[in-house]
Amino acid sequence: MKRRAHSAVWRVEVRAGKDHLKKKCGVSTWGHLRDSLPKILHDALRDVRFSIPQRDSNRARWPDHPLWVLVRDALADDMEGLGSMVDPSVIEDMIWSERDAMLAAQINGCLLSRAALHDVPVERLGAFVMGLADQIMRDWQRHADRTQERLASARAKYGRTSE
């Protein structure tokens, strides 16, 4: 401990918050993160650096600190094997299936909640749901422009942009 140059421990953290990852990097799933992480970290270490101050007033000409060079090199070596070996279409299909199941469960829950709110007996659930489907269709038709906008927005959100 008396020889600081030999006993010091340095830790370098590179952080990216959820909003930054989603808005700036297009990362919204763990699979996307794993695939994009090497580039995200490379860009972060390129855009921000730890340098050695010099007399030159232009900081861009200051040399990188040896610790920063070591971090950049270590990161480049460690990230080589990080890419996913799974076909991205398989991951996307799995995500699509999970989202579809989640939305179906939400719709089922909402329909049952509405039935409970209207005190519908279990033997009348089918007729109640069919009546709601008719109501929804009439509402969509009555507000056709809004329906098209919302459908386009939902398609874009889930990566289903084709008609």
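For the structure itself, consult the block above.
Let me begin by describing the structure that accompanies this report. A quick note: this is a predicted structure, and the numbers were derived from the prediction, not measured.

**Examining the nonpolar core**
Moving on, step 1. Within the largest apolar cluster, six residues are counted, these being Leu41, Leu45, Leu67, Trp68, Val71 and Leu75.
Moving on, step 2. For this core, the elements supplying multiple residues, two or more each, are helix H3 (30–47) and helix H4 (66–78).
Moving on, step 3. Every residue in contact with Leu75, bar those within four places of it in the chain, is listed here: Leu41, His42 and Leu45.

**Side note on H3**
Moving on, step 1. The first and last C-alpha atoms of H3 sit 24 Å apart over 18 residues, in line with the 26 Å expected at 1.5 Å per residue.
Moving on, step 2. The axis of H3 is deflected most strongly, by about 55°, at Ser36, and proline Pro38 appears within four residues downstream.
Moving on, step 3. Looking at H3, one finds that the buried residues are Gly31, Leu33, Ile40, Leu41, Asp43 and Leu45.

**Describing helix H5 (residues 88–117)**
Moving on, step 1. Relative to the 44 Å expected for 30 residues at 1.5 Å per residue, H5 spans 43 Å between its end C-alpha atoms, a close match to the ideal helical length.
Moving on, step 2. Every buried residue belonging to H5 is among Ile91, Ile95 and Ala115, and all of these are buried.
Moving on, step 3. Its buried side turned inward, H5 meets helix H6 (125–142).
Moving on, step 4. Note on H5: the residue one or two positions beyond its end, Asp119, has a positive phi of about 55°.

**Considerations on the layout of surface pockets**
Moving on, step 1. Estimates place the volume of the largest pocket at around 1,500 Å³.
Moving on, step 2. Leu103, Gln106, Ala154, Lys157 and Tyr158 are, among the 36 residues lining the largest pocket, the residues nearest its centre.
Moving on, step 3. For the lining of the largest pocket, the secondary-structure elements that each account for two or more residues are helix H2 (18–25), H3, H5, H6 and helix H7 (144–157).
Moving on, step 4. Ranked by the residues each element gives to the lining of the largest pocket, the list is headed by H5, at 13 residues.
Moving on, step 5. In this structure, the second largest pocket occupies an estimated 210 Å³ of space.

**Overview of the pattern of salt bridges**
Moving on, step 1. On inspection of all chains with the given rule, the structure shows nine salt bridges.
Moving on, step 2. Measuring nitrogen to oxygen at the nearest pair gives 2.6 Å for the salt bridge that ties Lys39 to Asp43. On the criterion of helical spacing, the pair formed by Lys39 and Asp43 is a turn pair, its members being four residues apart in helix H3.
Moving on, step 3. For Asp64, the salt bridge goes to Arg72, with nearest N and O atoms at 2.8 Å.
Moving on, step 4. Sharing partners across several salt bridges, the network here consists of Lys39, Asp43, Arg46 and Asp47.

**Some points on a positive patch on the surface**
Moving on, step 1. Where like charges cluster on the molecular surface, the positive patch consists of Lys18, Lys22, Lys23 and Lys157.
Moving on, step 2. Broken down by element, the positive patch gets its largest block of residues, three residues, from H2.
Moving on, step 3. Relative accessible area serves as the criterion here: at 52%, Lys22 is assigned to the exposed category.

Rules of the game
Residue indices follow the written sequence of each chain, beginning from 1 at its first position. Residues qualify for local features only when their pLDDT is at least 70, as the model is predicted, and side-chain atom pairs are given and counted only at 80 or more; totals for whole chains, interfaces and linings, by contrast, use all residues. To get the side-chain values, take all heavy atoms of the structure and skip hydrogens and water. Throughout this description, the term nonpolar core refers to a set of buried Ala, Val, Leu, Ile, Met, Phe, Trp, Tyr and Cys residues connected via side-chain atoms within 4.5 Å. Exposed residues in this analysis have more than 50% of their type's maximum accessible area, buried residues have under 20%, and partly exposed residues fall in between, with area computed by a 1.4 Å probe over protein chains only. Counting from the N terminus, the helices are the DSSP runs of H or I reaching at least four residues and the strands are the DSSP runs of E reaching at least two. In what follows, a contact means two residues having at least one pair of non-hydrogen atoms within 4.5 Å. Residue count minus one, scaled by 1.5 Å, sets the expected span of a helix. A residue's bend is the angle separating two fitted axes: one through the seven residues that end there, the other through the seven that start there. Only protein atoms enter the 1 Å grid, on which a cavity is a set of points fitting a 1.4 Å probe that cannot get out and a pocket is an open set with protein on both sides within 12 Å along at least 5 of 7 lines, lining residues being those with an atom within 4 Å of a point. Grid points are joined across faces, edges and corners, and a volume is the space filled by probe spheres set on the points. Between Lys or Arg on one side and Asp or Glu on the other, a salt bridge is scored when a side-chain nitrogen of the former is within 4 Å of a carboxyl oxygen of the latter. Each patch is built from salt-bridge-free residues with over 30% relative accessible area, joining like charges within 9 Å and nonpolar side chains (Val, Leu, Ile, Met, Phe, Trp, Tyr) within 5 Å. In these tables, accessible area is a Shrake-Rupley quantity obtained with a 1.4 Å probe, and a residue counts as shielded only by the protein chains included in the view. Neither His nor the chain ends contribute to the count of charged residues, in which Lys and Arg are positive and Asp and Glu negative. A charged residue contributes its charge at one atom only: NZ of Lys, CZ of Arg, CG of Asp or CD of Glu.

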